[in-house]
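Fold and geometry: a report
Below, each chain spelled out in residue letters.
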Amino acid sequence: MAKVVLKNVGKTYSGNVRAASNVNVSVADGEFLVLVGPSGCGKSTTLRMVAGLEAATDGTIQIGERIVNQVAPKDRDIAMVFQDYALYPHMSVRRNLAFGLERRKTEKIEINRRISEAATLLGLNDLLDRKPGALSGGQRQRVALGRAIVRDPAVFLFDEPLSNLDARLRVEMRAELKALHQRLGATILYVTHDQEEAMTLGDRLLVMHDGVVQQIGTPDEIYNHPANRFVAGFLGTPPMNLFEGGVSGLEEKEMMTLGLRPDAIRLTLNMKETGPTAVIRAVEFLGDCSDLHAVLECGATVVSRVSGKSDFKVGDSCVITADMNQAHWFAD
Amino acid sequence: MKLKISRYAPLVLGAMVMLFPLWWMTTISLETAARAGAATAGGKVTLWPSDPQWSNYTDALKEFGSTPWVGFLDALANSIVVTVLVVIGQVLSCSLVGYAFARIRFRGSKVLFGLMLTTMMLPPQVTMIPLFLFFRSLGWVDTLLPLVVPAFFGNAFYIFMFRQFFASVPEALIEAARIDGCGHFRIWWSLMLPMCKPVIAICAIFTFLFTWNDFMGPLIYLHSEESSTLAVALNSFRNQYGGLDDVHLLMAASIVTMIPCVLLFFSAQKHFVEGLGKGAVKG
């Protein structure tokens, strides 16, 4: 296993399109770093630069003690798991697992040992002689994982590996991935646009937007102390309520954004309470909690999350109160 | 029921039209010399010869060339050698070039691809004389080389077909192979070729048919009897004035020559139909 260090890494495509700029991050040996952000934010490009599938136009990429900018993908000691699995369709599962090792002239006995080890770890023993076409999505993803594991690489790279699976399988695989990471103690760079996946898997998250790193931190830090409006709005379901406005009481009247998570906002039917009034527009019952969407007089929408089933009905008037201890303030 | 008749009647009629020459050949090939000659001169052709002359077939094969049997065996061997080599050459070269056009970005690739496609517009008759002069200057006339070697330099149509197929292979598969340690050549050989079996089948089948039946190429380049292929050797049934004395033997020899193509058609019928569809829709 090895650490990965990106220093001022950037990628500019022809036509001056900047996909990523100034990415600085140091991933410790054995760390699980999740690169998260909306589509087109540059997270996949960054991962592909680490893999060597794209050349970085700026900065240096270090894997272990080596600067690898000029090193071919096969010599970077990495393994990558792709979104659509990228299994060789004409080869059996066993051959898929063995192919990379054969290319590296690994001894046959060693190849067989690693395959049986990975197959046992991932429950692939009964599938070894099947072709990828005869496997389900989850099984294919396991084979893709196995192909990475048998390589015993310094760094694992995952490019949205779970996004082709259905919701239930995704949750299952997520838990398996987490367990696998603990078992292998591997350095992992993992790209996803799914914030839930990011929060549950990552030791640390790297949030990107428009090719720029917005914040790097543990899931707790990112969720409870978002660095800016983008991070605040991106992570959390439903997203944080953001209110923009001038703040009086400061020396210079400054535009600030107030952020409140839905569970920090409380709605009450008791119209005597003090606070802005709103009208309920939608009530979403989610089983263990309910999301209430209310429209303020000014037209802004507020989302509040309450536990259990809510008594509110669409069209009810209510008063909004907030727990200001949980308020986030953003100057940007 | 009515619908069935109206659907099958044109099919039966079409099949009869297509099968007529084959039936005619078979019937004539089994007639005696006199009756066959009379039939081709405008006489009556019976549905099936009253006294089938199966010995016509052995006689026909003996009569290829000047030495009995040797002429036929020589021509058969030449045809097999040329066809097999051309098929191999065509599949390897076209897929390799198709892969390069589909998957390697290099300066001028689009121009080169366009240039290659324009060669499809060139009628072969235009290049016939310059090519002959070229091969003569190499001293290759009356050898199999002018028929075989060009196949190793690709064919625009098949290159186009391979390119279209390779372009549809997901990029991630190639990237996975790169990470697994493959270069372009290895990706082509270990990944792309096994994956494009349907395209290979189409390329191989059509090349086989064209080469096996090719008359013009061997006629131009092969002069001696020992080097001729079956298609050209059939010509030896014509007499010195260009007429036909033994039309029944010619028909028997033609049927023998045709057998590999018919067998290939039946065994690879699925690919044929698929291939024509592919050519039409996807290229």
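Residues numbered from 1 in each chain as written. Chains lettered and ligands numbered in written order. Predicted model: local features only at pLDDT ≥ 70, side-chain atom pairs only at ≥ 80, totals over all residues. Heavy atoms only, no water.

1. Focus: the overall build of chain B
Keep this limit in mind: Secondary structure counts use DSSP, requiring at least four H or I residues in a row for a helix and at least two E residues in a row for a strand, with both numbered from the N terminus. Only protein chains enter the accessibility calculation, which uses a 1.4 Å probe; a residue whose area is less than 20% of its type maximum is buried, one above 50% is exposed, and one in between is partly exposed. Only the protein chains shown count as cover for residues, and the accessible areas themselves come from Shrake-Rupley with a 1.4 Å probe. Under this rule, positive means Lys or Arg and negative means Asp or Glu; His and the chain ends count for nothing. To locate a charge, the coordinates of NZ of Lys, CZ of Arg, CG of Asp or CD of Glu are taken.
Scanning chain B for helices and strands turns up 15 helices and 0 strands. Overall, the C-alpha framework of chain B stretches about 70 × 65 × 35 Å when taken along its three principal axes. The burial tally for chain B puts 38% of its 283 residues in the buried class. Put simply, chain B shows about 15,900 Å² of open surface, and 70% of that area lies on carbon and sulfur atoms. Chain B carries 19 positive and 15 negative side-chain charges, and their two centres are separated by 20 Å.

2. Quick notes on the overall build of chain A
To keep things clear, this is the line we draw: Only heavy atoms matter for contacts: two residues are in contact if any of them lie within 4.5 Å across the pair.
When you go through chain A residue by residue, the secondary structure sums to 8 helices and 18 strands. Along the first, second and third principal axes, the C-alpha atoms of chain A reach 80 × 45 × 35 Å. A buried classification covers 49% of the 332 residues belonging to chain A. Of all intrachain contacts in chain A linking residues separated by at least 6 positions in sequence, the fraction that spans at least 24 positions is 64%. Of the roughly 15,600 Å² that chain A leaves accessible, carbon and sulfur atoms contribute 49%. Of the side chains in chain A, 38 bear a positive and 41 a negative charge, and the two mean positions are spaced by 8 Å.

3. Considering the domain arrangement of chain A
Selection criterion: The domain limits used here are those given by an automatic or database domain assignment.
Assigned domains within chain A: domain 1 (4-234) and domain 2 (259-330). Averaged C-alpha coordinates put domain 1 of chain A and domain 2 of chain A at centres separated by 39 Å.

4. Concerning a nonpolar patch on the surface
Residues and elements named next belong to chain B. For clarity, the threshold we go by: Only residues whose relative accessible area exceeds 30% and that take part in no salt bridge are eligible for patches, with like-charged residues grouped when within 9 Å of each other and nonpolar side chains (Val, Leu, Ile, Met, Phe, Trp, Tyr) grouped when within 5 Å. Salt bridges are defined by distance alone: a side-chain nitrogen of Lys or Arg within 4 Å of a carboxyl oxygen of Asp or Glu.
Residues I80, V81, V84, L85, I88, L92, F152, F153 and W189 make up a contiguous nonpolar surface patch of roughly 830 Å² in combined accessible area. Broken down by element, the residue count for the nonpolar patch peaks at 6 residues, all from helix α4 (residues 70-103). Inspection of the secondary structure puts F152 in the loop between α7 (145-148) and α8 (156-167).

5. Some words on the sheet that holds strand β8 (residues 187-192) of chain A
Consider a sheet: its strands pair through backbone hydrogen bonds, and that pairing is either parallel or antiparallel. Residues and elements named next belong to chain A. This is how the line gets drawn: In this scheme, strands are said to pair when DSSP sees at least two bridges between them. With axes taken as lines fitted to C-alpha atoms, and helix axes fitted only over the stretch in contact, angles between N-to-C directions fall between 0 and 180 degrees.
Spatial ordering of the open sheet is given by β6-β7-β8-β3-β9-β10, a layout of 6 strands whose pairing is mixed. The sheet is open, and its two edges are formed by β6 (78-81) and β10 (212-217), each paired on a single side. Averaged over all adjacent pairs, the angle separating strand axes in this sheet is 15°, with direction ignored. Taken together, the 4 bridges between β6 and strand β7 (residues 155-159) define a ladder with parallel strand orientation. If you follow I78 over to β7, its bridge partner there is V155.

6. Brief notes about the nonpolar core
Rules: Here, nonpolar core means buried Ala, Val, Leu, Ile, Met, Phe, Trp, Tyr and Cys residues that are tied together by side-chain atoms lying within 4.5 Å of each other.
Counting residues in each nonpolar core, the largest one holds 67 residues, and the members touching the most others are L157 and L189 of chain A. Among the elements that make up this core, the one with the highest residue count is α8 of chain B (7 residues). Sequence-distant contacts of L157 of chain A, that is, excluding residues within four places in its chain, are made with L47, V50, A51, I78, A79, M80, V81 and L189 of chain A. Counting residues in hydrophobic clusters, the runner-up holds 45 residues, among them A79, I115, V207 and F234 of chain A.

7. Some thoughts on empty space enclosed by the protein
Test applied: Of the two site types, the cavity is a set of points on a 1 Å grid over the protein atoms alone where a 1.4 Å probe fits but cannot get out, and the pocket is an open set with protein on both sides within 12 Å along at least five of seven lines, each lined by residues with an atom within 4 Å of a point. Grid points are joined across faces, edges and corners, and a volume is the space filled by probe spheres set on the points. Gly is placed with the polar residues, together with every amino acid not listed as nonpolar (Ala, Val, Leu, Ile, Met, Phe, Trp, Tyr, Cys and Pro) or charged (Asp, Glu, Lys and Arg).
Enumeration according to the criterion identifies 3 cavities of 30 Å³ or more in this entry. In this structure, the largest cavity encloses a volume near 60 Å³. As for the largest cavity, its lining consists of A79, M80, F82, R147, A148 and R151 of chain A together with A176, I179 and D180 of chain B. Those elements giving two or more residues to the lining of the largest cavity turn out to be β6 and α4 (137-150) of chain A together with α9 (171-179) of chain B. Looking at the lining of the largest cavity, its residues break down into 6 nonpolar, no polar and 3 charged.

8. Considering unusual backbone geometry
Residues and elements named next belong to chain A. For the bond from T237 to P238, the omega torsion is -10°, close enough to zero to count as cis. On the secondary structure map, P238 appears in the loop between α8 (229-234) and β11 (241-247). With phi around 55°, N22 is a residue other than glycine that occupies positive phi space. Even without a glycine there, the phi angle at Y85 is positive, about 70°. Relative to the helices and strands, Y85 is located in the loop between β6 and α2 (93-103).

9. Focus on the domain arrangement of chain B
Residue and element names in this part refer to chain B. What counts is decided by this rule: Here the quantity called buried area is the accessible surface, traced with a 1.4 Å probe, that two parts lose on coming together, added over both. Pairing of N or O atoms within 3.5 Å defines a polar contact, subject to two protein rules: one partner must be a possible hydrogen donor and the other a possible acceptor, and residues neighboring in sequence count only if both atoms are side-chain atoms.
By domain assignment, chain B separates into domain 1 (1-53) and domain 2 (70-281). Each of domain 1 and domain 2 was reduced to a C-alpha centroid, and the two centroids are 33 Å apart. Each partner contributes to the interface: domain 1 provides 11 residues, whereas domain 2 provides 7 residues. Together, the buried faces of domain 1 and domain 2 total about 710 Å²; carbon and sulfur atoms form 86% of this surface. When residues of domain 1 are sorted by the area they lose upon contact with domain 2, M25, S29 and A33 head the list and together hold 54% of the total. Here domain 1 is connected to domain 2 by 0 residue pairs in polar contact (both at pLDDT 80 or more). Examining the composition of the side of domain 1 that touches domain 2, we find that 6 residues originate from one element, helix α1 (residues 2-29), more than from any other.

10. Here's the deal with the confidence of the model for chain A
Note the threshold: The predictor attaches a confidence to each residue, called pLDDT, with possible values from 0 through 100.
Mean pLDDT over chain A stands at 90; residues scoring 70 or higher make up 98%. Averaged over each element, pLDDT in chain A is lowest for β11 of chain A (81) and highest for strand β3 (residues 32-36) of chain A (96).

11. Considerations on the interface of chain A and chain B
Taken together, the contacts link 22 residues of chain A with 15 residues of chain B. Interface of chain A and chain B: buried area, both sides summed, is about 1,600 Å²; carbon and sulfur atoms make up 63% of it. Three residues stand out in chain A for area buried against chain B, namely Y88, H90 and R103 of chain A, and they jointly supply 32% of the buried area on that side. Our enumeration of links across chain A and chain B arrives at 2 salt bridges.

12. A closer look at the layout of surface pockets
Residues and elements named next belong to chain B. Approximately 1,100 Å³ is the volume attributed to the largest pocket. Residue assignment for the lining of the largest pocket shows that the elements contributing at least two residues are α4, α6 (124-137), α7, α8, α11 (197-213) and α12 (216-221). Its residues placed into classes, the lining of the largest pocket shows 23 nonpolar, 12 polar and 1 charged. Each pocket or cavity is described by its volume, and for the second largest pocket that value is around 330 Å³.

13. A look at α2 of chain A
Looking at α2 of chain A, one finds that the buried residues are V93, N96, L97, A98, F99, G100 and L101 of chain A. One or two steps after α2 of chain A, the chain reaches K105 of chain A, where phi turns positive at roughly 60°.

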